[in-house]
Amino acid sequence: MKRIPHVERLTTRRDVLLRGGAGFGALALAHLLQGEALAGVPTTPHSAPRTPQSPKSPHFPARAKSVIFLFMEGGPSHLDTFDPKPLLNKLAGQPLPESFGSVITAMGEARSPLLASKRTWKQYGQNGTWVSDWLPHLSGCVDDLAVIRSCWADGINHSAGVCQMNTGSILGGRPSLGSWVSYGLGTENQNLPSFVVMQDNTAQVVNGPRNWSAGFMPAVYQGIRIQGGAEPIPNLNTPEGVAEAQQRGKLDFLSRLNGRYASQHPEQSELEARIASYELAFRMQAEAPEAVDLAQESEATRRLYGMEEKETATFGRLCLLSRRLVERGVRFVQLYHGSGSKWDAHAGIEKNHAELCRAMDQPVAALLKDLKQRGMLDETLVLWGGEFGRTPMSEKGDGRDHNPTGFTMWMAGGGVKGGQVIGETDELGLRAVTDRLHVHDLHATILHLMGLDHMGLVYRYKGRPERPTLNEGEAFKKIAG
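Owing to the predicted nature of the structure, the values given are computational and were not obtained by experimental measurement.

### Regarding the packing of helix α10 (residues 310-327) against helix α11 (residues 349-373)
Part 1 of the argument: Packing of α10 against α11 leaves a shortest axis separation of 8 Å and a crossing angle of 25 degrees. By the angle between their axes, α10 is roughly parallel relative to α11. The element α10 and its partner α11 pack so that their crossing is right-handed. Where α10 approaches α11, its residues E311, T312, F315, G316, C319, L320, S322, R323 and V326 are matched on the opposing element by R358, A359, M360, Q362, P363, V364, L367, D370 and L371.
Part 2 of the argument: For the contact of α10 with α11, the residue count by class is ten nonpolar, four polar and four charged.

Structure below.
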């Protein structure tokens, strides 16, 4: 058998690209690696050590350094919280007037009788913002709130609505807003995740982890869900019986192996980011437990958040945790209240919303007060709302259906001018009619307050320049002070 002359073995697909075809394959490889280069991975072998989460400069001076998104999953009723409609009570029991035209609802009860709001309403703050009696604690914070009564979205069901409020699209597969912020700005604390997610019960949020997914971006930008118990960050704790010195030794050994390979292949500079990711996990093992240790908080602080009362203890703990995380440089924190669509009051809205407001009101007000007294509210953007609102028409006699055509959210801190009401819905609260802000506008506004241009924040995926708002929406700059 004729012996084949010695040929240098091509051990990897990357070798094939680099050495085969006179090296022209490397041109395609370089193009494919641009996505990671844009994501913050070093692209030259001699660049300073960086990770995808290294701090990045904003496009322009930022008003906010971090975001806390309080997500009321299931869709809270704007008609019973922040958007009073006297005509609704006057016409209660009658069908929706013909002048409103055709209406599509999730459950098909578009012509069911109008349902009165049983709330008692009062005006609060210097500018007289209306708030219902379900929110006695937040009513004292209205001078810090910009209440947006004119939000609208495209998703008529929970899956589409929650997906769009998180990612900008009613279809799955795109990065979440938190991932875009993490990608665009990195984090100021290299020992903690940039994007953290928490929820108030064990029920699964609609769509699950895809709500905080990085989509087509590298997984490093996805949200990290913190849970209760002895291991709040999954798979982080050092295994039992493994001392810190052993863990450090294993990491050093792995780093030497990776470093040796990297020195032999300097063109693979993205490997430095992989090495840094192991270092981050090791550092988190030391700092993350301290960050979530609420025993360090004073008794007065715990009482402020309602942690001594059964109804408010759970969400109070999460709100306090969110303050501790942004205090330590975490960029984006998202809290789910009513996980498992608990705010979805198709029937019995009085009991449903009364209980949920009771559990949420004091902790959220405490978060705002705590941030303010610590001098953190000016640089922390707090956002409250759900995937949509509820209809003025009744469902099952004493509930309300989904309403994506007009609902309320509010923002506070982070450069937002408080004590203002933005936009309005029609006289029955069905549709947004003035200063209408679509989800894309809301996301663009949040990014703007963070110093990011939603059209300038680009990630190239399969040759396409992808942007967080799908090339739509505008930042509502009048919201800022």
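### Quick word on the confidence of the model for the protein chain
Part 1 of the argument: Residues with a pLDDT of 70 or more make up 81% of the protein chain, whose mean pLDDT is 87.
Part 2 of the argument: Segment residues 1-11: pLDDT under 50, and five contacts once partners within four positions in sequence are set aside and those in other chains are kept.
Part 3 of the argument: Every residue in residues 21-48 is under pLDDT 50, and counting partners more than four places away or in other chains gives 41 contacts.

### With respect to the nonpolar core
Part 1 of the argument: Residues L70, M198, F315, M360, L368 and W410 are the most contacted members of the largest nonpolar core, which totals 48 residues.
Part 2 of the argument: Here this core takes nine residues from α11, the largest share from any one element.
Part 3 of the argument: Setting aside residues up to four positions removed in sequence, L368 forms contacts with L138, C141, L145, L377, V382, W410 and A412.
Part 4 of the argument: Core analysis: the second largest hydrophobic core is formed by 47 residues, W180, I446, L457 and A480 among them.

### Here's the deal with the pairing of strand β1 (residues 66-72)
Part 1 of the argument: Burial of β1 is extensive: seven of the seven residues sit out of reach of the surface.
Part 2 of the argument: Inspection of the sheet shows β1 paired to strand β8 (residues 380-385) by six bridges, in the parallel sense. Counterpart to F71 in the pairing with β8 is G385.
Part 3 of the argument: Here β1 runs beside strand β7 (residues 332-337); their pairing, made up of six bridges, is parallel. Bridging from a neighbouring strand, M72 pairs with H337 of β7.

### Overview of the pattern of salt bridges
Part 1 of the argument: For the coordinates displayed, the defined rule picks out 25 salt bridges.
Part 2 of the argument: Notably, a salt bridge pairs R323 with D370, separated by 3.0 Å at the nearest N-O pair. Highlighted residues: R323 in helix α10 and D370 in helix α11, separated in sequence by 47 residues.
Part 3 of the argument: Take R323: its relative accessible area is 1%, and that puts it in the buried class.
Part 4 of the argument: Salt-bridge contacts for E327 lead to R374; the nearest nitrogen and oxygen are separated by 3.5 Å. Highlighted residues: E327 in helix α10 and R374 in the loop between α11 and β8, separated in sequence by 47 residues.
Part 5 of the argument: R374 sits in the partly exposed class, given a relative accessible area of 36%.
Part 6 of the argument: One salt-bridge network, in which partners are shared between bridges, spans E290, E297, R323, R324, E327, R328, D370 and R374.

Thresholds applied
- Residues numbered from 1 in each chain as written.
- Predicted model: local features only at pLDDT ≥ 70, side-chain atom pairs only at ≥ 80, totals over all residues.
- Heavy atoms only, no water.
- Axes fitted to C-alpha atoms, helices over the stretch in contact; angles between N-to-C directions.
- Helix = DSSP H or I, 4+ residues; strand = E, 2+ residues; numbered from the N terminus.
- Parallel < 35°, antiparallel > 145°, perpendicular 65-115°, else oblique.
- Left-handed = near helix turned anticlockwise from the far one by under 90°.
- Contact = heavy atoms within 4.5 Å.
- Nonpolar A, V, L, I, M, F, W, Y, C, P; charged D, E, K, R; others polar.
- pLDDT = per-residue confidence, 0-100.
- Core = buried A, V, L, I, M, F, W, Y, C linked by side-chain atoms within 4.5 Å.
- Buried < 20%, exposed > 50% of the residue type's maximum accessible area, 1.4 Å probe, protein only.
- Pairing = 2+ DSSP bridges.
- Salt bridge = Lys/Arg side-chain N within 4 Å of Asp/Glu carboxyl O.

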